[in-house]
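Secondary and tertiary structure notes
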Amino acid sequence: MNNLAENARIDTGHSVDSVLALFALPFNDLLFKAQTVHRAHFDPNAVQLSTLLSIKTGGCSEDCGYCSQSARHGTEVEKEKLLDVAKVVEAAQAAKASGATRFCMGAAWRGPKDKDLEPVLDMVRQVKALGMETCVTLGMLKAGQASKLKAAGLDYYNHNLDTSPEFYGQVVTTHSYQDRLDTLQEVRDAGLSVCCGGIVGMGESRRERAGLIAQLAKLSPQPESVPINMLVKIGGTPKQNEADLDPLEFVRTIAVARITMPGSHVRLSAGRRELGEGVQALCFLAGANSIFYGDKLLTTGNPDVEADQKLFAKLGLKPEVHTERRCAGH
Ligand code: SAM
Ligand code: DTB
Ligand code: SF4
């Protein structure tokens, strides 16, 4: 039997073993399969552009081992106050002018207090009024908070599972995997679209990478947006000296996410500067169809707009037009 026929027999269910079997395919077979799935669901040359802004930086109570913003790590990031709404709107206008269709606002909180939420609701309202899609990532939500965000005009809530349940305890101890799943349920129940992904390159095994993808793929419905981040090693964090993950293993992770979550936007997220153009091109071939766009992520750098426009021109990629994909019932 040739490889293609063998591929057709591989179980694409969402058990860790079946995801692991995808990871183990010959690279060319894996990418061919991913690109085939991609073409059946999306325009293969369109990429969704989201711009990030840190609206509340540093001083976080949590101990996530990769994060520059934890108050428990000795990083160079200083604690700042919540940004003024006007500054946020100005940044969103600039992002829109550069071609972004979604504006994602991130806060270094374990979760918002009710009094923190009010100004964020205002930001959501005003960014939405610019005609952009809105996304926030604020940590864990208490009952009722997701509905308030929805009523203010929020489209997406980003909350990552980050790694497999088995490896999570080696990355974070101040909240649990179940806490993350509970917030994702709150978000879904409020009728918001879900943006949920993770980080690779934190010292996890391939089985643990497969465990992350299996968890994401079995969310029901699957997340509309799946950010796959390559660890950005930040001085002062527990993960600062982690060994590099082979970039081709990162490409495999994108391909496996594409195959197991065929209708989701898979976002090539943090780490793009370090990956370079060749590996990014392989990620697009593997089915990535979304990026963070703009010269900064939250606290670290990202390729600038000119560099991305040059890469898009080289690859014949074009920005995705605003699609208003929402979860059922909205
Ligand atoms: N505090 C909120 C939370 O934890 O959900 C929102 C902000 S948090 C910085 C958002 C996500 O950014 C994390 O879940 C993680 O996936 C990603 N992230 C943070 N630091 C990173 C790093 N150094 N490298 C790669 N991804 C990172
Ligand atoms: C996501 O998955 N990646 C983004 C966004 N969601 C909030 C954040 C990446 C952060 C990279 C490190 C930093 O800039 O601090
Ligand atoms: Fe805080 Fe989020 Fe960073 Fe964890 S990832 S330390 S919750 S800002």
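Residues numbered from 1 in each chain as written. Chains lettered and ligands numbered in written order. Predicted model: local features only at pLDDT ≥ 70, side-chain atom pairs only at ≥ 80, totals over all residues. Heavy atoms only, no water.

**Description of the site of ligand 3**
Taken together, Cys60, Glu62, Cys64, Tyr66, Cys67, Ser70, Ala108 and Trp109 are the residues near ligand 3. According to the grid-proximity analysis, the pocket containing ligand 3 is the largest cavity. Of the residues that constitute the shell around ligand 3, the class distribution is 6 nonpolar, 1 polar and 1 charged. (Near = heavy atom within 4 Å. 1 Å grid on protein atoms, 1.4 Å probe; cavity = no way out; pocket = protein on both sides within 12 Å on 5 of 7 lines; lining within 4 Å. Sits in = over half its atoms within 2 Å of the grid points. Nonpolar A, V, L, I, M, F, W, Y, C, P; charged D, E, K, R; others polar.)

**Regarding the site of ligand 1**
Looking at ligand 1, there are 17 residues lining it, with Thr137, Asn160, Asp162, Arg180 and Val232 nearest. Contact between ligand 1 and Tyr66: a nitrogen atom at 3.1 Å from a main-chain N or O atom of the residue. Here a nitrogen atom of ligand 1 and a backbone polar atom of Trp109 are 3.2 Å apart. Relative to its free-state accessible area of 560 Å², ligand 1 is covered by the protein chains to the extent of 89%. Here ligand 1 is seated within the largest cavity. (Polar contact = N/O pair within 3.5 Å; in protein donor to acceptor, adjacent residues only side chain to side chain. Areas by Shrake-Rupley, 256 points an atom, 1.4 Å probe, with all protein chains shown as cover.)

**Some points on the side chain of Arg102**
Inspection of the secondary structure puts Arg102 in strand 2 (residues 102-107). In this structure Arg102 comes out as buried when scored by relative accessible area, which is 4%. In this structure the side chain of Arg102 is engaged in a polar contact, spanning 3.0 Å, whose partner is the side chain of Glu133. When near neighbours in sequence (up to four residues on either side) are disregarded, Arg102 contacts Gln48, Leu49, Ser50, Thr51, Met132, Glu133, Thr134, Cys135, Tyr156, Ser225 and Arg267. (Helix = DSSP H or I, 4+ residues; strand = E, 2+ residues; numbered from the N terminus. Buried < 20%, exposed > 50% of the residue type's maximum accessible area, 1.4 Å probe, protein only. Contact = heavy atoms within 4.5 Å.)

**Observations concerning the packing of helix 9 (residues 206-217) against helix 10 (residues 247-260)**
Each packed pair of helices is defined by two parameters, the angle between the axes and the distance between the axes. Packing of helix 9 against helix 10 leaves a shortest axis separation of 10 Å and a crossing angle of 25 degrees. The pairing of helix 9 with helix 10 is recorded here as roughly parallel in orientation. Two packed elements cross with a definite hand, and for helix 9 against helix 10 that hand is right-handed. Taken together, the residues of helix 10 that come into contact with helix 9 (itself represented by Arg206, Arg209, Ile213 and Ala217) are Glu249, Arg252, Thr253, Val256, Ala257 and Thr260. When the residues that make up the contact of helix 9 with helix 10 are grouped by side-chain class, the tally is 4 nonpolar, 2 polar and 4 charged. (Axes fitted to C-alpha atoms, helices over the stretch in contact; angles between N-to-C directions. Parallel < 35°, antiparallel > 145°, perpendicular 65-115°, else oblique. Left-handed = near helix turned anticlockwise from the far one by under 90°.)

**Here we look at the confidence of the model for the protein**
For the protein, per-residue confidence averages 94 on the pLDDT scale, and residues scoring 70 or more make up 94% of the total. Note on residues 1-11: pLDDT is under 50 here. Beyond four places in sequence and across chains, it has 12 contacts. Here residues 325-330 is modelled with pLDDT under 50, and outside its nearest four sequence neighbours on either side it reaches 15 contacts, counting other chains as well. (pLDDT = per-residue confidence, 0-100.)

**Quick look at empty space enclosed by the protein**
Under the criterion given, the structure shown has 1 cavity of 30 Å³ or more. Counted as a void, the largest cavity has a volume near 850 Å³. Contributing to the lining of the largest cavity are 41 residues, with Tyr66, Cys67, Gln69, Asn160 and Leu298 lying nearest its centre. Sorting the residues of the lining of the largest cavity by element identifies strand 2, strand 3 (133-137) and strand 7 (225-230) as the ones contributing at least two each. In terms of residue class, the lining of the largest cavity is made up of 23 nonpolar, 13 polar and 5 charged. (Points joined across faces, edges and corners; volume = space filled by probe spheres on them.)

**Concerning the layout of surface pockets**
Space inside the largest pocket adds up to approximately 400 Å³. Leu52, Leu53, Asp295, Lys296 and Leu297 are the residues nearest the centre of the largest pocket, which is lined by 21 residues in total. Broken down by secondary-structure element, the contributors of at least two residues to the lining of the largest pocket are strand 1 (46-56) and helix 4 (85-98). Split by residue class, the lining of the largest pocket holds 11 nonpolar, 6 polar and 4 charged.

**A closer look at the environment of Gly197**
Tracing the sequence through the fold places Gly197 in the loop between strand 5 (193-195) and strand 6 (198-200). A sequence separation of 123 residues divides Gly197 from Glu320, and the C-alpha atoms of the two residues are 20 Å apart. Apart from the residues lying within four places of it in its own chain, the contact partners of Gly197 are Asn160, Leu161, Asp162, Leu212, Leu216, Val226 and Pro227.

**Examining the nonpolar core**
Grouped together as the largest cluster of nonpolar side chains are 89 residues, with contacts concentrated most on Leu138 and Leu149. Dropping the residues within four chain positions of it, Leu138 is found in contact with Ile55, Met105, Ala107, Trp109, Arg110, Gly111, Pro112, Leu117, Val120, Leu149 and Tyr157. The next biggest cluster of nonpolar side chains, apart from the first, holds 9 residues, and it includes Cys104, Tyr156, Ile234 and Leu297. (Core = buried A, V, L, I, M, F, W, Y, C linked by side-chain atoms within 4.5 Å.)

**Things to note about unusual backbone geometry**
Here the residue pair Ser220 and Pro221 is connected by a cis peptide bond, since its omega of -5 degrees sits within 30 degrees of zero. In this fold, Pro221 is placed in the loop between helix 9 and strand 7.

**Let's talk about the packing of aromatic side chains**
In total, this model carries 2 aromatic pairs according to the counting rule given. An angle of 75 degrees between the planes, with centres 5.3 Å apart, marks the rings of Tyr168 and Tyr177 as edge-to-face. Using a relative accessible area of 3% as the deciding quantity, one classes Tyr168 as buried. Taking relative accessible area as the criterion, Tyr177 reaches 9% and is therefore assigned buried. Here Phe284 and Phe312 contribute two aromatic rings whose centre-to-centre distance is 6.4 Å and whose plane-to-plane angle is 85 degrees, an arrangement assigned as edge-to-face. (Phe/Tyr/Trp six-rings, centres within 6.5 Å; stacked < 30°, edge-to-face > 60°.)

**Overview of the pattern of salt bridges**
Under the defined criterion, the tally for this structure stands at 14 salt bridges. A salt bridge links Arg272 to Asp308, with the nearest nitrogen and oxygen atoms 2.8 Å apart. Here Arg272, found in helix 11 (residues 272-285), pairs with Asp308, found in helix 12 (residues 305-315); they are 36 residues apart in sequence, far enough to count as distant. A single burial state applies to Arg272 and to Asp308, both of which are buried. Residues joined by salt bridges that share partners form a network here, namely Glu204, Arg206, Arg209 and Glu249. (Salt bridge = Lys/Arg side-chain N within 4 Å of Asp/Glu carboxyl O.)

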